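Tertiary structure, described
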Amino acid sequence: MTRLGAWLVTFFGATALLAGNALAAPLKIGVVPGIFADSVEVAAQEAGKQGLDVEVVEFTDWATPNVALDAGDIDLNYYQNSNYLANAIRDKGFSLTSVQPGILSYLGLYSLRHKSLDDLPQGAKVAIASDPVNIGRALRLLQHAGLVTLRPGTGLLAELKDIQDNPKQLQFVEVEGPQLVRVTPDVDLAQGFPYFIIASGAFDATQGLSYTRYEDDSWAIHFVARTDRADDPRIRQFLDIYQNSDAVRDTIHAFYLNDPRLYRLAWIKD
């Protein structure tokens, strides 16, 4: 064999070995507690039976999973809707992309003090999420429920200053999204994420006074990858398992208390 031939054998052999090692490495998926973590764990078990090693990494805040993904510390994350992702990309310059929609968990308005929205007193204290996307989402739900009116033309990133009419003079308290469950007993009304409420067991997530069932799939929680790794075959294999697993669907339905008012599966088209 010539010296060049030997070099080519060595080069391509090393390349194949590196590729094999990359495919053999565990697929690391970042999640937040609740059904996103639970359903990914179920799919990970099924993936293991098919020879795909999956490592589930749990985060407790909404900022770190994108930082970790952008840095290459994880391969996927599953905790944010595409509107939140677009805002994160604009703000931080991340090179991330959605690779599949997942669960659309409806947003709700909850009160442990009042039985209906009509019972809210003047000056009622209302807790909403503090991040720009979910502030806008809460304000649109409040408008949908007839509690406020937003300026015409207000976009997804509505702010408190965009409230044009507030007949009950609602007083707003901004709280980090995962902490809304904890503060709900202390206010008259709170924006609530059913998946956090159910996971916490703090109160009954089926007792919302209004829900965002009118929202499109951009509000579904998406699987997100780094743009340069979106075609990783391990990702494609895992997503196929997640979409088609009866065990995953059963786990999701049971988590949401068998109540279709709380969620839908965005990858299933009617």
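All figures in this text were calculated on a predicted structure; none of them were measured in a lab. (Residues numbered from 1 in each chain as written. Predicted model: local features only at pLDDT ≥ 70, side-chain atom pairs only at ≥ 80, totals over all residues. Heavy atoms only, no water.)

**Points about the overall build of the chain**
Looking only at helices and strands, one finds 9 helices and 14 strands in the chain. Expressed as lengths along the three principal axes of its C-alpha atoms, the size of the chain is roughly 90 × 35 × 35 Å. Evaluated residue by residue, the chain yields a buried proportion of 49% over its 270 residues. A sequence separation of at least 24 residues applies to 77% of the contacts in the chain between residues at least 6 apart. For the chain, the exposed area adds up to about 12,700 Å²; of that, 51% sits on carbon and sulfur atoms. Taken together, the 23 basic and 33 acidic charged side chains of the chain have centroids lying 3 Å from each other. (Helix = DSSP H or I, 4+ residues; strand = E, 2+ residues; numbered from the N terminus. Buried < 20%, exposed > 50% of the residue type's maximum accessible area, 1.4 Å probe, protein only. Contact = heavy atoms within 4.5 Å. Areas by Shrake-Rupley, 256 points an atom, 1.4 Å probe, with all protein chains shown as cover. Lys, Arg positive; Asp, Glu negative; His and termini not counted. Charge placed at Lys NZ, Arg CZ, Asp CG, Glu CD.)

**Side note on the packing of helix α2 (residues 35-49) against helix α8 (residues 233-244)**
Between α2 and α8, the shortest axis-to-axis distance is 9 Å and the interhelical angle comes to 115 degrees. Between α2 and α8, the interaxial angle falls into the category roughly perpendicular. Crossing geometry of α2 relative to α8 is assigned as right-handed. Here Ser-39, Val-40, Ala-43, Ala-44, Glu-46 and Ala-47 of α2 come into contact with α8, specifically with Phe-238, Ile-241 and Tyr-242. The class makeup of the residues in the contact of α2 with α8 is 7 nonpolar, 1 polar and 1 charged. (Axes fitted to C-alpha atoms, helices over the stretch in contact; angles between N-to-C directions. Parallel < 35°, antiparallel > 145°, perpendicular 65-115°, else oblique. Left-handed = near helix turned anticlockwise from the far one by under 90°. Nonpolar A, V, L, I, M, F, W, Y, C, P; charged D, E, K, R; others polar.)

**Examining the packing of aromatic side chains**
Within the structure shown, the criterion is met by 19 aromatic pairs. Consider the rings of Tyr-256 and Tyr-263, whose centres lie 4.6 Å apart with planes at 15 degrees: the pair is stacked. Just as Tyr-256 is buried, Tyr-263 falls in that class too. One aromatic cluster in this structure is built from Phe-36, Trp-62, Tyr-78, Tyr-79, Tyr-84, Phe-193, Tyr-195, Phe-196, Phe-223, Phe-238, Tyr-242 and Trp-267. (Phe/Tyr/Trp six-rings, centres within 6.5 Å; stacked < 30°, edge-to-face > 60°.)

**Remarks on the confidence of the model for the chain**
Per-residue confidence for the chain averages 91 on the pLDDT scale, and 91% of its residues sit at or above 70. Per-residue pLDDT stays below 50 along residues 8-12; that stretch engages in 1 contact with residues further than four places along the chain or on separate chains. Scored below 50 in pLDDT, residues 14-22 shows 1 contact in the model against residues more than four places distant or in partner chains. (pLDDT = per-residue confidence, 0-100.)

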